[in-house]
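Architecture and fold: a report
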Amino acid sequence: MIESLNKAFCALPGVGKKTAQRFVYHLLERNREGGMNLAKALVDAMEHVKHCSSCRTLSEKDICNICANNNRTNTQLCVVETPTDIHAIEQSHIYKGKYFVLSGYLSPIDGIGASELGLDELEQKLHQQDIEEIILATNATIEGEVTAHYISNMAKQFEVRITRIAHGIPIGGELEYADINTIAHALSGRKDYDL
Amino acid sequence: MAKIDLTPAFLIHRRAFKDTSLLLDFFTQEHGKIRLVGRGSRKSKAPIQMFQHIKISFSGKSDLKSLNDVEVDDQPRSLQGEALILGMYANELIARLLQDQDPYFELFEIYKQFINQLPKLGKQASYWALRLFENSLLSELGYGLDFEHDVNGDEIDTRIECKYEYQSQVGFTKRSIGKISGNTIQLMLAEDVLNTPNVEQLKVCRDLNRARLHPLLGNKPLQSRLLFWSKN
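Residues numbered from 1 in each chain as written. Chains lettered and ligands numbered in written order. Predicted model: local features only at pLDDT ≥ 70, side-chain atom pairs only at ≥ 80, totals over all residues. Heavy atoms only, no water.

**Here's the deal with the overall build of chain A**
How we decide: Think of it this way: any DSSP run of H or I at least four residues long counts as a helix, any run of E at least two long counts as a strand, and we number them from the N terminus. When we talk radius of gyration, it's over C-alpha atoms, and the globule rule is simply 2.2 Å times the number of residues to the 0.38. To sort residues, take the accessible area from a 1.4 Å probe on protein chains only and compare it with the maximum for the residue type: under 20% means buried, over 50% means exposed, and anything in between is partly exposed. The contact criterion used throughout is that any non-hydrogen atoms of two residues lie within 4.5 Å. Computed with the Shrake-Rupley method and a 1.4 Å probe, the accessible areas treat only the protein chains shown as cover for residues.
For chain A, the count of helices and strands is eight helices and six strands. Listed by position from the N terminus, the elements making up chain A come as α-α-α-β-β-α-β-α-β-α-β-α-β-α. Over its C-alpha trace chain A gives a radius of gyration of 21 Å, far above what one expects of a compact globule, namely 16 Å for 195 residues. C-alpha atoms of chain A, sized along the principal axes, occupy 60 × 45 × 40 Å. Here chain A, with 195 residues, has 35% of them falling under the buried criterion. Pairs at least 24 residues apart make up 47% of the contacts formed inside chain A by residues separated by at least 6 positions. Accessible surface for chain A amounts to roughly 12,600 Å². Of this, 54% is attributable to carbon and sulfur atoms.

**What to know about the domain arrangement of chain B**
Residue and element names in this part refer to chain B. As a reminder of what qualifies: Residue ranges labeled as domains rest on an automatic or database domain assignment. Values labelled buried area give the accessible surface lost by two parts on being combined, using a 1.4 Å probe and summing over both. The salt bridge definition used is simple: a Lys or Arg side-chain nitrogen within 4 Å of an Asp or Glu carboxyl oxygen.
Each domain of chain B was delimited in the assignment, giving domain 1 (4-72) and domain 2 (81-145 + 188-230). Here the C-alpha centroids of domain 1 and domain 2 sit 23 Å apart. At the junction of the two partners, domain 1 supplies 18 residues and domain 2 supplies 21 residues. Taken together, both faces of the contact between domain 1 and domain 2 bury some 1,700 Å²; the carbon and sulfur share is 69%. For the domain 1 face of the interface with domain 2, the top three residues by lost area are F27, K33 and F51, together amounting to 43%. At the boundary of domain 1 with domain 2, the tally comes to one salt bridge. Between K33 and D100 there is a salt bridge; the shortest N-O distance is 3.4 Å. Mapped by element, the contributors of at least two residues to the side of domain 1 that touches domain 2 are strand 1 (3-17), strand 2 (21-28) and strand 3 (32-38). Tallying contributions element by element places strand 1 first for the side of domain 1 that touches domain 2, with five residues.

**Regarding the sheet that holds strand 4 (residues 98-101) of chain A**
Residue and element names in this part refer to chain A. Put simply, the rule reads: Any two strands with at least two DSSP-identified bridges between them are counted as paired. The convention used is that axes are lines fitted to C-alpha atoms, helices contributing only their stretch in contact, and that angles between N-to-C directions extend from 0 to 180 degrees.
The strand order across the open sheet formed by four strands is 4-3-5-6, and the pairing between neighbours is parallel. The open sheet has two edge strands with one neighbour each: strand 4 and strand 6 (161-164). On average, adjacent strands in this sheet sit at an angle of 25° to one another, irrespective of strand direction. In this sheet, strand 5 (residues 133-136) lies alongside strand 3 (residues 76-80) in parallel orientation, the contact comprising four bridges. Among the inter-strand pairings, Q76 is bridged to a residue of strand 5, identified as E133.

**Quick look at a negative patch on the surface**
Residues and elements named next belong to chain B. Just so we agree on the cut-off: Patches draw on residues past 30% relative accessible area with no salt bridge. Two like charges within 9 Å are joined, as are two nonpolar side chains (Val, Leu, Ile, Met, Phe, Trp, Tyr) within 5 Å. The charged-residue count follows a simple rule in which Lys and Arg add positive charge and Asp and Glu add negative charge, with His and chain termini not counted at all. Throughout, a charge is located at the NZ atom of Lys, the CZ atom of Arg, the CG atom of Asp or the CD atom of Glu.
Taken together, the side chains of D146, E148, D154 and E155 present a region of like negative charge at the surface. Note that D154 resides in the loop between helix 3 (123-140) and strand 6 (163-167). Taking the relative accessible area as the measure of exposure, D154 reaches 44% and is therefore partly exposed.

**Quick notes on the pattern of salt bridges**
Evaluated as defined, the whole model comprises 18 salt bridges over all chains. For E133 of chain A, the salt bridge identified is with R161 of chain A, shortest N-O distance 3.7 Å. With E133 of chain A in strand 5 and R161 of chain A in strand 6, the pair connects residues that are 28 residues apart, well separated along the chain. Close ionic contact of E134 of chain B with R131 of chain B constitutes a salt bridge, the shortest N to O distance being 2.8 Å. In this pair, E134 of chain B and R131 of chain B are both assigned in helix 3, three residues apart and thus about one turn of the helix distant. Neither residue differs from the other here; E134 of chain B and R131 of chain B are each classed as buried.

**Brief notes about the packing of helix 7 (residues 142-155) of chain A against helix 1 (residues 82-97) of chain B**
A pair of packed helices is captured by two measures, namely the crossing angle of their axes and the spacing between those axes. Selection rule: Working definition: roughly parallel below 35 degrees, roughly antiparallel above 145 degrees, roughly perpendicular at 65 to 115 degrees, and oblique for all remaining angles. The hand of a helix crossing depends on one turn: near helix anticlockwise from the far one by less than a right angle means left-handed, and clockwise means right-handed. Nonpolar residues are Ala, Val, Leu, Ile, Met, Phe, Trp, Tyr, Cys and Pro. Charged residues are Asp, Glu, Lys and Arg, and all others, Gly as well, are polar.
Contact geometry of helix 7 of chain A with helix 1 of chain B gives a least axis separation of 10 Å together with a crossing angle of 125°. Compared by their axis directions, helix 7 of chain A and helix 1 of chain B come out oblique. Between helix 7 of chain A and helix 1 of chain B lies a crossing of left-handed hand. Every residue of helix 1 of chain B that contacts helix 7 of chain A at I142, E145, V146 and H149 of chain A is listed here: E82, L84, I85 and M88 of chain B. Taken together, the residues of the contact of helix 7 of chain A with helix 1 of chain B sort by class into five nonpolar, one polar and two charged.

Spelled out as structure tokens, the structure:
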């Protein structure tokens, strides 16, 4: 039993045999109640959390809280790679639209194509709903850029404004320490200074 | 091979490996295509970019060697839109067709030139540059095509009305029903990136190179083609 629990903990990222063993002994010897809670929460989540049928993020309901929120605008759609990206954007409190989660990026060499990312669902969404702007918030990596390019080509057929999140110098950052690609992007994407 | 210091290279593909590492495929000048493991690379603040001239140091005794150091040896270059997809396509060709750790000095230079040109070229010219890159790749691999003579050894007639057909892995045969005109073959021979063929000729060149690549790629088609979004 102890051994199988050990192995089970190894399923977590960054947890090897040694760490798993520490977890197991800690729970068994010092915190049985915490262990029971963990087991219950884990079973609950594994059984009930699924993907939101509208935006594909993780949710225990059929439609997630963001999609079901009537105070958010339906006309803006922000496309992100992972559910954690939604969390990151939500923390900024600046975006009031809806989301669409790809759960990855296009990587043909690894066999991840448009259908794996649910892009046909996205196309349908653009077709059926009254979306005015699609914000491409995929990562600032080559793969993220390729994915953004593909989606923008797809979205062109609809009357929709296609925007890409800006890349540049982080707030509080110094130019001297930024890498050359970031500086080049920051310069080419500069905007008028509003006083 | 114990330790290699600062050899010129390009990153051609990367994928996640364990929690914080990356498996990185490089095309290097002196060691050809090589796969390295970048330990902790996923957490790097300045990740290695594709299509950028870099110099890499690596070491190791097993098959899978470790990346030790990367230096950027280039101005920033960001491929965007179609150019980006064409670059990815070229990368997949390299990943699929080159032998591991076999140097291809000339091809490296040609790839470098191709990547440098891409952001400056218009749509058609960039497709043409890709076709010429495919030509160089094929001849480096020993599958070069004689653009001067047909299969009988006669000189290619470069008039537009002269039609040829491509016979797989053999060469051109003169045929009135052929799709490849003599002057298109002449353009392929001239290898002039600035002398872009017209749309129709480009299509012929695309189909020709697709037929030439097919036996090398086998049943698994190039996946990057899926990146070209089409309505169908």
